[in-house]
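Observations on chain architecture
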Amino acid sequence: MKATIVRSRRKTIAIELVSPEEIRIKAPLRMPRREIEAFVRSKENWIRTHQARLAERNRKAAALTGTITEEELARLKKEAKKYLPGRTAYFAEKIGVTYGQISIRAQKTRFGSCSAKGNLNFNCLLMKMPPEIIDYVIVHELCHRRQMNHSRAFWSEVEKILPDWRARRKWLKENGGAYIRAMESIE
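Okay, so let's go over this structure.

The rules behind each value
- Residues numbered from 1 in each chain as written.
- Predicted model: local features only at pLDDT ≥ 70, side-chain atom pairs only at ≥ 80, totals over all residues.
- Heavy atoms only, no water.
- Axes fitted to C-alpha atoms, helices over the stretch in contact; angles between N-to-C directions.
- Helix = DSSP H or I, 4+ residues; strand = E, 2+ residues; numbered from the N terminus.
- Parallel < 35°, antiparallel > 145°, perpendicular 65-115°, else oblique.
- Contact = heavy atoms within 4.5 Å.
- Nonpolar A, V, L, I, M, F, W, Y, C, P; charged D, E, K, R; others polar.
- Buried < 20%, exposed > 50% of the residue type's maximum accessible area, 1.4 Å probe, protein only.
- Pairing = 2+ DSSP bridges.
- Polar contact = N/O pair within 3.5 Å; in protein donor to acceptor, adjacent residues only side chain to side chain.

Digging into the packing of helix H5 (residues 152–161) against helix H6 (residues 165–181)
In the contact formed by H5 and H6, the axes pass within 9 Å of each other and the chain directions differ by 105°. Relative to H6, the element H5 lies roughly perpendicular. Between H5 and H6, the residues in contact are Trp 155, Val 158 and Glu 159 and Trp 165, Arg 166 and Arg 169, respectively. Of the residues assigned to the contact of H5 with H6, the class counts are 3 nonpolar, no polar and 3 charged.

Written as structure tokens, this is what we have:
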């Protein structure tokens, strides 16, 4: 296992899993190395448990999505540019909202967003997901045209269109990261 110590002006020590084979120890500038080593030894079980979880998650991600190449990303962007505007227009009419431009990107942190001006951004990785998840992300972002927050009123708007939004959101939370991780080899 590779371990890197990063010292900063922080007051506490922390361990971050970089990969199943690597950890990063974040430590205060003046903390003695022996204290850092003792802390890491005291957390060996935690480290092993979380390394195993991360390895399993990575294995599931590869099984679910495979590795995404630059060529596939380009194909997904083209596919998204053809598919997503039609679905967005369909749901915008149902919800009774307008929107600005639609952008398709390969984002590493989210699947959709809505700007204050009403512009929508969608992740091209959506094209690898089930249609009901794509619809959930579209409806979610369009409902931000009514409520620019995640209040009860916002979720009420989502529920009017997708009564099963909770199940769709749960699927995305449980599986969405696999799609992002499948893209990690691309810089």
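As for the pairing of strand E3 (residues 22–28)
The element E3 is largely enclosed, with a buried count of 5 among its 7 residues. Here strand E1 (residues 2–8) pairs with E3 via 7 bridges, running parallel. Bridge pairing in E3 links Ala 3 to Ile 23. As paired strands, strand E2 (residues 14–19) and E3 are joined by 5 bridges and run antiparallel to one another. The partner of Leu 17 across the bridge, within E3, is Ile 23.

Quick look at the side chain of Asn 123
On the secondary structure map, Asn 123 appears in strand E6 (residues 120–123). Here Arg 110 takes part through its backbone oxygen, which lies 3.0 Å from a polar atom of the side chain of Asn 123. With residues near it in sequence (within four places) discarded, Asn 123 still touches Arg 105, Ala 106, Gln 107, Arg 110, Phe 111 and Ile 180.

A closer look at the sheet that holds strand E4 (residues 102–105)
Within the open sheet, the 3 strands sit side by side as E4-E6-E5. Their pairing is mixed. Edge positions in the open sheet fall to E4 and strand E5 (112–114), since each of these has one partner strand only. Strand-to-strand twist in this sheet, taken as the mean axis angle between neighbours without regard to direction, amounts to 15°. One ladder, built from 3 bridges, connects E5 with E6; its direction is antiparallel. If you follow Gly 112 over to E6, its bridge partner there is Phe 122. Contacting E4 and E6, helix H3 (residues 70–95) crosses the sheet at an angle of about 145° to E4.

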